[in-house]
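Structural features, examined
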Amino acid sequence: DAGITQSPRHKVTETGTPVTLRCHQTENHRYMYWYRQDPGHGLRLIHYSYGVKDTDKGEVSDGYSVSRSKTEDFLLTLESATSSQTSVYFCAISELEREKLFFGSGTQLSVL
Amino acid sequence: GDSVTQMEGPVTLSEEAFLTINCTYTATGYPSLFWYVQYPGEGLQLLLKATKADDKGSNKGFEATYRKETTSFHLEKGSVQVSDSAVYFCALSGNTGKLIFGQGTTLQVKP
């Protein structure tokens, strides 16, 4: 299994609070991604990174920011959480673009 | 833009039945196509892929053929098992290099 660790695995928070999710990899892969999974929508890309300090927006980036200060860590921040951001968040990595992704086990986030 | 459409689920089958999960796509150029599987409580993992027209991806008894003329990549298995119960996602990687997923199809196999 690819070495990907997401933390926390579960989080409950209140509307308006900031939240940071962490993805840590031990594979030294260049590309890292944050997806959210919602019923009826499959997985939707939030943000991705193609190198240290190199990030870009995905299709559902509003309300989210990311940072990648080291190859192994990719952080997703909800500046002010809303109930619509209740979801399961997956981190993924890949060595090459257009190649297969390896996924973490996910973070279940509930915003009350 | 690029998109993937999967048949709606859930799909419920008896053990040893034949499985087909339909997937069609819209993309410019020549995308790579993938099937991912998600078992309960886990992240997605790659099941199979195909990178050009008429390629057949296969793994664990599952197969899918890249059909450019019908823009399809249907997943098939000749005899399903209870352990195949999972959510299956069709996906494409197009000119943007990013993976676009379908909405997922839940498969439930009963003994």
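The structure this text deals with has already been given above.
Residues numbered from 1 in each chain as written. Chains lettered and ligands numbered in written order. Predicted model: local features only at pLDDT ≥ 70, side-chain atom pairs only at ≥ 80, totals over all residues. Heavy atoms only, no water.

Thoughts on the overall build of chain A
Where we set the bar: Helix numbering and strand numbering both begin at the N terminus, where a helix is a DSSP run of H or I of at least 4 residues and a strand a DSSP run of E of at least 2. Atoms counted for the radius of gyration: C-alpha only. Globule rule: 2.2 Å times residue count to the power 0.38.
In terms of helices and strands, chain A carries 0 helices and 11 strands. Secondary structure of chain A in N-to-C order comes out as β-β-β-β-β-β-β-β-β-β-β. For 112 residues, the compact-globule formula gives about 13 Å, and the C-alpha radius of gyration of chain A, at 13 Å, lands near that figure. Overall, the C-alpha framework of chain A stretches about 35 × 30 × 25 Å when taken along its three principal axes.

Observations regarding the state of the cysteines
Among covalent bonds in proteins, the disulfide is the one between the sulfur atoms of two cysteines. For clarity, the threshold we go by: When the sulfur atoms of two cysteines come within 2.5 Å, that pair is taken as a disulfide. Remark: exposure states derive from per-residue accessible area (1.4 Å probe, protein chains only) relative to the maximum for the residue type, with buried under 20%, exposed over 50%, and partly exposed in between.
For the structure on display, the rule yields 2 disulfides over all chains. The disulfide bridge from C23 of chain A ends at C91 of chain A, spanning 1.9 Å between sulfur atoms. Classification of the bridge connecting C23 of chain A and C91 of chain A rests on its S-S torsion, roughly -70°, and on that basis the disulfide is left-handed. Of this pair, C23 of chain A sits in strand β3 (residues 19–25) while C91 of chain A sits in strand β9 (residues 87–94); the two residues are 68 residues apart in sequence, bridging distant segments of the chain. Comparing C23 of chain A with C91 of chain A, the two get one shared label, buried. Disulfide partner of C23 of chain B: C90 of chain B, at an S-S distance of 2.0 Å. Judged by the sign of its S-S torsion, about -65°, the bond between C23 of chain B and C90 of chain B is left-handed.

Here we look at the environment of L101 of chain A
The following threshold applies: By the convention used here, residues are in contact when the closest approach between their heavy atoms is within 4.5 Å.
Structurally, L101 of chain A is set in the loop between β9 and β10 (102–103). Each C-alpha atom of the pair L101 of chain A and Y50 of chain A lies 13 Å from the other, and the pair is 51 residues apart in sequence. Contact partners of L101 of chain A, with chain neighbours within four places excluded, come to Y33, Y35, A92, I93 and S94 of chain A together with Y36 and L99 of chain B.

Quick look at the layout of surface pockets
Quick note on the threshold: Cavity means a closed set of points on a 1 Å grid over the protein atoms alone, one where a 1.4 Å probe fits but cannot get out, pocket means an open set with protein on both sides within 12 Å along at least 5 of 7 lines, and lining means a residue has an atom within 4 Å of a point. Grid points are joined across faces, edges and corners, and a volume is the space filled by probe spheres set on the points. In this classification, the charged set is Asp, Glu, Lys and Arg, the nonpolar set is Ala, Val, Leu, Ile, Met, Phe, Trp, Tyr, Cys and Pro, and all remaining amino acids, among them Gly, are polar.
Here the largest pocket is characterised by a volume of approximately 520 Å³. In this structure, the largest pocket is lined by 29 residues; those nearest its centre are Q37 and P39 of chain A together with Q38, V87 and F89 of chain B. Of all the elements in the fold, those that place two or more residues in the lining of the largest pocket are β4 (31–38), β9 and β11 (107–111) of chain A together with β10 (86–93) and β12 (105–110) of chain B. Of the residues in the lining of the largest pocket, the class split is 9 nonpolar, 16 polar and 4 charged.

Let's talk about the pairing of strand β6 (residues 44–50) of chain B
A regular strand places its side chains so that they alternate between the two faces of the sheet. All names here are of chain B. Here is the rule we go by: Whether two strands pair comes down to DSSP finding at least two bridges between them.
Relative to β6, strand β5 (residues 32–38) is paired through 6 bridges, and the arrangement is antiparallel. Note on β6: the bridge partner recorded for W35 is L48. The antiparallel pairing of β5 with β6 creates a hairpin that spans 5 residues between the two strands, and G41 there sits at a positive phi of about 75°.

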